[in-house]
Amino acid sequence: EENTPSNQESSDAQLQKSTLVLILDILATSLGNDREQSIDKVRLILGSKTTLLQSAAIDMGRVVDVLLEQSSGRAARELRIAEEEQKWITTLVRLLGNLSFRCKQNQNMMRTSMVPFLREEARSNLERSALHVMLSCTSLAHGCFTLREWSIVALRNILEDNEENQSLVE
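Analysis parameters
Residues numbered from 1 in each chain as written. Predicted model: local features only at pLDDT ≥ 70, side-chain atom pairs only at ≥ 80, totals over all residues. Heavy atoms only, no water. Helix = DSSP H or I, 4+ residues; strand = E, 2+ residues; numbered from the N terminus. Rg over C-alpha atoms; globule rule 2.2 N^0.38 Å. Buried < 20%, exposed > 50% of the residue type's maximum accessible area, 1.4 Å probe, protein only. Contact = heavy atoms within 4.5 Å. Areas by Shrake-Rupley, 256 points an atom, 1.4 Å probe, with all protein chains shown as cover. Lys, Arg positive; Asp, Glu negative; His and termini not counted. Charge placed at Lys NZ, Arg CZ, Asp CG, Glu CD. Expected span 1.5 Å × (residues − 1). Core = buried A, V, L, I, M, F, W, Y, C linked by side-chain atoms within 4.5 Å. Patch = residues over 30% accessible without salt bridge, like charges linked within 9 Å, V, L, I, M, F, W, Y side chains within 5 Å. Salt bridge = Lys/Arg side-chain N within 4 Å of Asp/Glu carboxyl O. Phe/Tyr/Trp six-rings, centres within 6.5 Å; stacked < 30°, edge-to-face > 60°. Lys NZ or Arg CZ within 6 Å of the ring centre and 35° of its normal. Disulfide = S-S within 2.5 Å.

A. Quick peek at the overall build of the chain. Within the chain, the regular secondary structure consists of nine helices and zero strands. Moving toward the C terminus, one meets the helices and strands of the chain in the order α-α-α-α-α-α-α-α-α. Taking 15 Å as the expected radius of gyration for a compact globule of 170 residues, we find that the chain reaches 17 Å, a close match to that expectation. Taken along the three principal axes of its C-alpha coordinates, the chain extends 55 × 35 × 30 Å. For the chain, the residues scored as buried account for 38% of the 170 residues in total. For the chain, contacts bridging at least 24 residues in sequence account for 72% of all contacts bridging at least 6. Just so you have it, the chain exposes about 10,100 Å², and 51% of that area is on carbon and sulfur atoms. The chain carries 19 positive and 24 negative side-chain charges, and their two centres are separated by 5 Å.

Structural data, given as structure tokens:
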């Protein structure tokens, strides 16, 4: 294959995304360590002093929108998710779930952070929060079993001891 500028750009973009997935995966794993008291403070700082939680929720919303659009009209068991997309969405779900672990502020942000729809016409005058998008991830279980499992763990972390979040889901 020729090494044209567009091929090089595509290759560079792919490398950047792979690197980002790897870094976020490491961060998600580190945040899942509940034996370290300092991790609680890190979760709080990452949620309140950075845009990490909101950015990850928006990215998760984009991926969910694309996957749901691709699966429109198909039976759930026919859903196929590419390996790269599986890794990306699962990493985002793990990250958001572990950011919310026993951190009321981040749990609340999952409820109050609005996630735009990918396509304007899909909106139909509805708003959705990061918590709504996380719930949508469970519907992709047939395409990626690992995503379903991590979505359940993330939802537990987001809902634990948070009556406002629990009432939104009920």
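Continuing now.
B. Structural detail: unusual backbone geometry. Its identity as a non-glycine residue notwithstanding, R102 has a phi of 50°, on the positive side. With respect to the helices, strands and loops of the structure, R102 is situated in the loop between α4 (83-100) and α5 (104-112). Even without being a glycine, D161 presents a positive backbone phi close to 55°. One can find D161 in the loop between α8 (145-159) and α9 (163-169).

C. View of α4. With 18 residues, α4 should cover 26 Å at 1.5 Å per step; its first-to-last C-alpha distance of 26 Å lies within 8% of that length. Among the 18 residues of α4, 13 are classified as buried, and the element is accordingly described as predominantly covered. One or two residues past the end of α4 sits R102, with phi positive at roughly 50°.

D. Region of interest: the nonpolar core. In this structure, M60, I89, V93, L95, L96 and M134 are the most contacted members of the largest nonpolar core, which totals 37 residues. Breaking this core down by element, the ones donating at least two residues are α1 (5-31), α2 (37-49), α3 (52-70), α4, α5, α7 (130-137) and α8.

E. Broad picture of a nonpolar patch on the surface. A cluster of nonpolar side chains, namely L135, L168 and V169, defines an oily patch on the protein surface of about 190 Å² accessible area. Here L135 lies in helix α7.

F. Examining the packing of aromatic side chains more closely. Per the stated rule, a full pass over the model turns up zero aromatic pairs. A cation sits over an aromatic face here: R94 above W150, 4.8 Å from the ring centre. R128 extends its terminal NZ or CZ atom over the ring of F117, reaching a point 4.2 Å from the ring centre.

G. Summary view of the state of the cysteines. In total, this model carries zero disulfides according to the counting rule given. A disulfide-free cysteine, C103 has its sulfur positioned 20 Å from the sulfur of C137, the nearest such atom. Classification of C103 by relative accessible area gives buried; the value is 7%. With no disulfide partner, C144 has as its closest neighbouring cysteine sulfur the one in C137, 9.9 Å distant. Of the residues examined, C144 reaches a relative accessible area of 4% and is grouped as buried.

H. Here's a closer look at the pattern of salt bridges. On inspection of all chains with the given rule, the structure shows nine salt bridges. Each of D25, K87 and R94 takes part in one network of salt bridges that share partners.

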